[in-house]
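Listed below, chain by chain, are the residues.
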Amino acid sequence: MRVYRDRDANLDWLKNKTIAVIGYGSQGAAQALCFRDSGLDVVVAARKNGPSWRRARTDGFEPAELGEAARRGDVVCMLISDTSQPEVYYRFVHPHMTPGKTLYFSHGFNITYEFIKPPRSVDVVMVAPHGPGRQLRELYLAGKGLPALLAVHRDASGHAKRTALALAKACGFTRSGVFEAPFNHETFADLFSEQAVLCGGVSELVKSAYETLVEAGIEPELAWFCCLYELKLTVDLIHHEGIEGMWSAVSETARYGGRTRGPRAIDTASKAELRRILKEIMSGEFGRELAQEYRRRMPLLRRAKREGVRHGIERTGRQIRRYFDI
Ligand SMILES: NC(=O)c1ccc[n+]([C@@H]2O[C@H](COP(=O)([O-])OP(=O)(O)OC[C@H]3O[C@@H](n4cnc5c(N)ncnc54)[C@H](OP(=O)(O)O)[C@@H]3O)[C@@H](O)[C@H]2O)c1
Ligand SMILES: [Mg+2]
């Protein structure tokens, strides 16, 4: 694997170019601030007088309206939520995607599933950070960086990768390391990991384990501390030292119990289901389902949230946070 570092990228390449950042949420704000601190000419775009517009002003930007920023940008960064990108792109950005410009993403979703089809005359690149915007910004300010993935979907100019590397450097990613993969692989791996592990898998595992203890008569507070609160310690260990590093740091009892019972909690049936989940992602079925949910204004997501906040584990958590200094 080729890893790109600071010496492989040149910020001068973006001198005299304007970087339009569409959206000022988690990634938009973090990347716009880093671009600016790296000396680039940045114009932030947001909905007039919306929350992002006001936040950008507080941070010292003079925000522009979406179409105006897309017109001015040599590089146009699509940093609004994936579901709203297609309508914003076709309404405000597409008319300004003239030859020689670069369209930039931080996730491959809309290119992979062809919800956005940019003209053949523009470069299409992605720099996808391996972490949220806040962490990106904190590491940048500390002189470090998040690792990130770089992808080139279309190299119309012959310089697409150079542009993407310079943008990655401006966010601090090349301080840590940047590697390359195709757009669709980023999309598949990112969606699958958030569904199976990071967000979906881990929350269901924690909830099921909590329910199992409480149903057996264990105090909800005890179940909460054991199954939810302590998870961070394990995750930190795995993050820094790998799974084997975690095993050597826990007690022998935990090691024996975990090594023998873990494969029963996540068994061959779960593995088969993981494969089905990945298949839905790779076939585009999940992407179409999400687009339809968005068109209906997210009824399923809103219902899940209503049910989620009422779940015992959340009520217990709220109570514990009132009594404990944690
Ligand atoms: N969040 C992460 O940690 C993360 C990590 C890696 C990659 N990414 C990728 O980065 C991209 C941006 O994600 P994000 O999480 O940063 O987004 P986000 O925080 O959800 O973005 C919200 C921004 O989108 C704007 N927006 C939403 N709908 C809009 C519309 N119809 N018209 C105009 N503006 C609209 C919001 O403006 P208002 O304030 O006006 O509503 C706000 O500025 C996505 O492709 C995502 O997959 C995110
Ligand atoms: Mg994602």
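This text follows the structure it describes.
Notes on the structure in this doc start here. Owing to the predicted nature of the structure, the values given are computational and were not obtained by experimental measurement. (Residues numbered from 1 in each chain as written. Chains lettered and ligands numbered in written order. Predicted model: local features only at pLDDT ≥ 70, side-chain atom pairs only at ≥ 80, totals over all residues. Heavy atoms only, no water.)

**Quick look at the coordination of the magnesium ion (ligand 2)**
Consideration 1: At 2.1 to 2.4 Å from the magnesium ion (ligand 2) lie its protein donor atoms, namely Asp 190 (OD) and Glu 194 (OE). With Asp 190 and Glu 194 both in helix α9 (residues 183-198) and four residues apart, the pair spans about one turn of that helix. (Donors = N, O, S within 2.8 Å, 3.2 Å for Na, K, Ca; no water. Helix = DSSP H or I, 4+ residues; strand = E, 2+ residues; numbered from the N terminus.)

**A few points about the pairing of strand β3 (residues 75-78)**
Consideration 1: The alternating pattern of β3 places Val 75 and Cys 77 on one face and Val 76 and Met 78 on the opposite face, and all of these are buried.
Consideration 2: As paired strands, strand β1 (residues 18-22) and β3 are joined by four bridges and run parallel to one another. Across the sheet, Ile 19 pairs through a bridge with Val 75, a residue of β3.
Consideration 3: In this structure, β3 lies alongside strand β4 (residues 102-105), joined through four bridges in parallel fashion. Its bridge partner being in β4, Val 75 is matched across the sheet by Thr 102.
Consideration 4: Once the chain exits β3 it traverses helix α4 (residues 85-93) before rejoining the sheet at β4, and the crossover so formed is right-handed. (Buried < 20%, exposed > 50% of the residue type's maximum accessible area, 1.4 Å probe, protein only. Pairing = 2+ DSSP bridges. Right-handed = clockwise from strand over helix to strand, strands pointing away.)

**So, the site of ligand 1**
Consideration 1: Looking at ligand 1, there are 21 residues lining it, with Tyr 24, Gln 27, Arg 47, Ser 52 and Asp 82 nearest.
Consideration 2: The separation between an oxygen atom of ligand 1 and a polar main-chain atom of Gly 25 is 3.4 Å.
Consideration 3: Between ligand 1 and Ser 84, the relevant distance is 3.2 Å, taken from a nitrogen atom to a side-chain nitrogen or oxygen of the residue.
Consideration 4: Calculation on ligand 1 without its partners gives an accessible area of 900 Å², and the protein chains cover 76% of this total.
Consideration 5: Going through the elements one at a time, α1 (26-37), α2 (51-58) and α4 are the ones with two or more residues in the shell around ligand 1.
Consideration 6: The residue inventory of the shell around ligand 1, partitioned by class, reads eight nonpolar, 11 polar and two charged. (Near = heavy atom within 4 Å. Polar contact = N/O pair within 3.5 Å; in protein donor to acceptor, adjacent residues only side chain to side chain. Areas by Shrake-Rupley, 256 points an atom, 1.4 Å probe, with all protein chains shown as cover. Nonpolar A, V, L, I, M, F, W, Y, C, P; charged D, E, K, R; others polar.)

**Description of the packing of aromatic side chains**
Consideration 1: Per the stated rule, a full pass over the model turns up 11 aromatic pairs.
Consideration 2: An aromatic cluster is defined as three or more aromatic residues linked by ring pairs; in this entry it consists of Trp 224, Phe 225, Tyr 229 and Phe 324.
Consideration 3: Residue placement shows Arg 162 over the ring face of Trp 13; its charged tip is 4.0 Å from the ring centre. (Phe/Tyr/Trp six-rings, centres within 6.5 Å; stacked < 30°, edge-to-face > 60°. Lys NZ or Arg CZ within 6 Å of the ring centre and 35° of its normal.)

**Details of a nonpolar patch on the surface**
Consideration 1: On the surface, a nonpolar cluster with roughly 470 Å² of combined accessible area is contributed by Tyr 229, Tyr 323, Phe 324 and Ile 326.
Consideration 2: Turning to its location among the elements, Phe 324 is positioned in the segment after α17 (312-323).
Consideration 3: According to the relative accessible area criterion, Phe 324 is partly exposed, its value standing at 45%. (Patch = residues over 30% accessible without salt bridge, like charges linked within 9 Å, V, L, I, M, F, W, Y side chains within 5 Å. Salt bridge = Lys/Arg side-chain N within 4 Å of Asp/Glu carboxyl O.)

**Re the packing of helix α10 (residues 200-215) against α17**
Consideration 1: Running from N to C, α10 and α17 cross one another at 85°; their axes reach a closest spacing of 10 Å. The angle between α10 and α17 falls in the class roughly perpendicular. Only Gly 312, Ile 313 and Thr 316 of α17 make contact with α10, whose side of the interface consists of Val 206, Lys 207 and Tyr 210.
Consideration 2: Grouping the constituent residues of the contact of α10 with α17 by class yields three nonpolar, two polar and one charged. (Axes fitted to C-alpha atoms, helices over the stretch in contact; angles between N-to-C directions. Parallel < 35°, antiparallel > 145°, perpendicular 65-115°, else oblique. Contact = heavy atoms within 4.5 Å.)

**Points about the sheet that holds β4**
Either a parallel or an antiparallel arrangement is found when strands of a sheet pair, and the pairing is made through backbone hydrogen bonds.
Consideration 1: Reading across from one edge, β2-β1-β3-β4-β5-β6-β7 is the order of the seven strands in this open sheet, with mixed pairing throughout. On the outer flanks of this sheet lie β2 (41-45) and β7 (178-180), each paired with one strand and no other. Ignoring strand direction, the axes of neighbouring strands in this sheet form an average angle of 25°.
Consideration 2: Pairing of strand β6 (residues 148-154) with β7, which is carried by three bridges, proceeds in the parallel orientation. Bridged to Leu 150 within β7 is Glu 180.
Consideration 3: This element, α9, spans β4, β5 (123-129) and β6 of the sheet and lies at about 30° to β5.

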